[in-house]
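Geometric and topological summary
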Amino acid sequence: DVDGLTTPSAGRLLAGLRGLRPCTPLGILAVLDRHGIELAGANAVVIGRSILVGKPIALLLLERNATVTICHSRTRDLAAVVGEADVLIAAAGSPLLVKGDWIRPGAAVVDLGVNMVDGVQVGDVDFDAALGVAGLLTPSRGGVGPLTITMLLRNTLEAYKARTGIADA
């Protein structure tokens, strides 16, 4: 399960056991790590509760000692919840849902939305409005996507090593 999405993989993640993790959430962590975003003690808000991104990234953020709030289409006063985030993960699949004035100045914002509006790809975050407010802002196109592929390759290598008994060099 190099995608890290099967029920056994999800169960291992939930239980905090070693195993392959979903690729897109691993890509998100790679972005945050690369930019030196401290997760321990951070207030992290995840918009979206899918098994592909929302739930696994929430669990991975918890493993890193962030305080995690998961939001969705029925969250009351989403703008207020987003405004408290040190780290915002937008994975709702709702075009331009997050407005720039919702974002806490200096927050790390990772946009995973891939939406088409009038033939133009936009994210879940209003990128132009968030630019200059967010301390870190990933574009919806070319942001985490390439890292998802990288993490798939990493998981493939880890699975191969586990199956063959090859240890890290």
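Data block above holds the structure.
Figured I'd write up the structure that's included with this text. Every chain begins its residue count from 1, and numbering advances along the sequence as written. A pLDDT threshold of at least 70 governs which residues receive local features in this predicted model, and a stricter bar of 80 or more applies before side-chain atom pairs are shown or counted, although totals over entire chains, interfaces and linings include all residues. Only hydrogens and water are set aside; all other atoms, that is, all heavy atoms of the structure, feed into the side-chain values.

It is worth spelling out the overall build of the chain at this point. Under the scheme used here, helices are H or I runs from DSSP no shorter than 4 residues and strands are E runs no shorter than 2 residues, and both carry numbers assigned from the N terminus. Helix and strand counts for the chain stand at six helices and seven strands. Element order for the chain, N to C, with α for helix and β for strand: α-α-β-α-β-α-β-β-β-β-α-β-α. Note on method: radius of gyration uses C-alpha positions; expected globular size equals 2.2 Å times residues raised to 0.38. For 169 residues, the compact-globule estimate of 2.2 N^0.38 gives 15 Å, and the C-alpha radius of gyration of the chain, at 16 Å, lies within 12% of that figure. Counting only C-alpha atoms and orienting by the principal axes, one finds that the chain spans roughly 50 × 35 × 30 Å. Working definition: with a 1.4 Å probe on protein chains only, accessible area under 20% of the residue-type maximum means buried, over 50% means exposed, and in between means partly exposed. Taken over 169 residues, the chain has a buried fraction of 39%. Within the chain, contacts between residues at least 6 apart in sequence are counted, and of these 62% link residues at least 24 apart. Reported accessibility uses the Shrake-Rupley method at a 1.4 Å probe radius. Residues are deemed covered only where the shown protein chains occlude them. Surface summary for the chain: the accessible area is close to 9100 Å², and the carbon and sulfur share equals 56%. Here a residue-residue contact requires only that any non-hydrogen atoms of the pair lie within 4.5 Å.

It is worth spelling out the sheet that holds strand β2 (residues 67-71) at this point. The strand order β2-β1-β3-β4-β7 describes an open sheet built from five strands, whose pairing is parallel. Looking along the sheet, the strands with just one partner apiece sit at the ends: β2 and β7 (136-137). For two strands to be treated as a pair, DSSP must find at least two bridges joining them. Where strand β1 (residues 43-47) lies against strand β3 (residues 87-90), four bridges are found, and the strand directions are parallel. By the bridge assignment, Ala-44 is partnered in β3 with Val-87. A fitted line through C-alpha atoms represents every axis, and for helices the fit uses only the stretch in contact; the resulting angles, taken between N-to-C directions, go from 0 to 180 degrees. Sheet contacts for helix α2 (residues 23-34): β3, β4 (108-111) and β7; angle to β4, the most-contacted strand, approximately 150 degrees. Where helix α3 (residues 54-63) meets the sheet, it contacts β1, β2 and β3, and its direction lies at approximately 170 degrees from that of β1.

As a further point, take the environment of Ala-40. Along the chain, the position of Ala-40 falls in the loop between α2 and β1. By relative accessible area, which is 42% here, Ala-40 ends up partly exposed. Ala-40 sits 22 residues away from Leu-62 along the chain, and the two C-alpha atoms are 8.7 Å apart. Dropping the residues within four chain positions of it, Ala-40 is found in contact with Arg-64 and Asn-65.

The next thing to look at is helix α6 (residues 145-164). To estimate how far a helix should reach, multiply one less than its number of residues by 1.5 Å. Here α6 spans 29 Å end to end across 20 residues, near enough to the 28 Å set by a 1.5 Å rise per residue. Taken as a whole, α6 has its buried residues at Met-151, Asn-155 and Lys-161. The buried residues of α6 occupy an angular sector of 125 degrees when the element is viewed end-on, so they sit on one face. Across α6 from its buried face, at more than 90 degrees, point the exposed residues Ile-149, Leu-153 and Arg-163. One or two positions beyond α6, positive phi appears at Gly-165, with a value near 80 degrees. Arc definition: it is the arc formed by the directions from the helix axis to the C-beta atoms.

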